[in-house]
Amino acid sequence: MKYLDCYTRVSTAEQKKSGNSLVVQRDIGKKVAKKLGLKFRHRDEGARSSTIHYRDILEELKDDIESGTVKHVWCLDRSRLFRDMTDALLFRRDYLEKHGVQLYEGELGRHIDFDDKDSLFIYDIISRVEQRENERRSDRSQRGKIARLKKAVATNKSVYLGGSALFGYKNENKEWKLNNDEVKWVRFLFDSYENGKSLLDIKKELDNSDVQPRRSKSGLWVLATLHKMLRNKTYTGIHSVKVKKLNNKEFSFKVPKIITISQFNRVQKILDFNQ
């Protein structure tokens, strides 16, 4: 039976919006597959930004298109697949048209016919409109982020701005709170490294203790992640955010402290020396 490869994604800022949730997209994809007489095959990207994250599932989809194992693709709307109009046009040329892949979109599974000039024209126009909508959403998000940062600095509150929480913390009522199950492992990381243990030894201990890292499909720790955590000053109780829209202006506010500044500074000296 032929498959309908249904690509679902939400950006980290949108993952809690019910209208665009992964579950909603998946369920609509199943209905479209049934309507088209195709077998549903899920391509779940999860919560990944189209602008700042590498999208593994999309790259896998492209590889499978080139290998000939994918002939029918669906997404709820084009912005799930493409970050801008250029992406949309290149995907159409290099994957859809080149390999004879049929594209469907929307709740009704509307077929995009690239052999029809009118459909082709509409495809390009919609891609341009959705790119502009993405830009407008990004602008609104940035304005909201700036407003929340200014409020955090003024009120000295640890405002949570979204995305995945830093290991050791959690989002509780849009504020930074300690994740008590993880705090002890953050301290273990800094204490162990300061006392001479290698990152590899620390990684093995975390893996053997079944401590789950953030965003890891394998469930195992990566040395680069541990190194980045050791360099992260947020653990000393001060979180800083740079805003590109304001020429990388930096905002800093307090969050719950996990380690002391003195220990952080000692660890930085060891990292510098080892590097």
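Right above here is the structure, for reference.
Heads up: these notes are all about the structure in this document.

The rules behind each value
- Residues numbered from 1 in each chain as written.
- Predicted model: local features only at pLDDT ≥ 70, side-chain atom pairs only at ≥ 80, totals over all residues.
- Heavy atoms only, no water.
- Axes fitted to C-alpha atoms, helices over the stretch in contact; angles between N-to-C directions.
- Helix = DSSP H or I, 4+ residues; strand = E, 2+ residues; numbered from the N terminus.
- Parallel < 35°, antiparallel > 145°, perpendicular 65-115°, else oblique.
- Contact = heavy atoms within 4.5 Å.
- Nonpolar A, V, L, I, M, F, W, Y, C, P; charged D, E, K, R; others polar.
- Expected span 1.5 Å × (residues − 1).
- Buried < 20%, exposed > 50% of the residue type's maximum accessible area, 1.4 Å probe, protein only.
- Arc of directions from axis to C-beta.
- Phe/Tyr/Trp six-rings, centres within 6.5 Å; stacked < 30°, edge-to-face > 60°.
- Lys NZ or Arg CZ within 6 Å of the ring centre and 35° of its normal.

Contact geometry of helix H6 (residues 199–208) with helix H7 (residues 223–230) gives a least axis separation of 10 Å together with a crossing angle of 105 degrees. Looking at the two axes, H6 sits roughly perpendicular to H7. Touching Leu-199, Leu-200, Ile-202, Lys-203 and Leu-206 of H6 are Leu-223, Leu-226, His-227 and Leu-230, all from H7. Of the residues that constitute the contact of H6 with H7, the class distribution is seven nonpolar, one polar and one charged.

With 14 residues, helix H8 (residues 261–274) extends 20 Å between its outermost C-alpha atoms, agreeing within 8% with the 20 Å of an ideal straight helix rising 1.5 Å per residue. Turning to H8, its buried residues number three or more, namely Gln-263, Phe-264, Val-267, Gln-268 and Leu-271. Summarising the axial view, the buried residues of H8 lie within an arc of 140 degrees, below the 170-degree limit, and thus occupy one face. Those residues of H8 that are exposed and aimed more than 90 degrees away from the buried face are Lys-269 and Phe-273.

On to the packing of aromatic side chains. Where two aromatic rings form a pair, the distance of their centres and the angle of their planes describe that pair. Counting across every chain of the model gives six aromatic pairs. Pairwise contacts between aromatic rings join Tyr-169, Trp-176, Phe-190 and Tyr-235 into one cluster. Over the aromatic face of Tyr-3 sits the side chain of Arg-41, whose NZ or CZ is 4.0 Å from the ring centroid.

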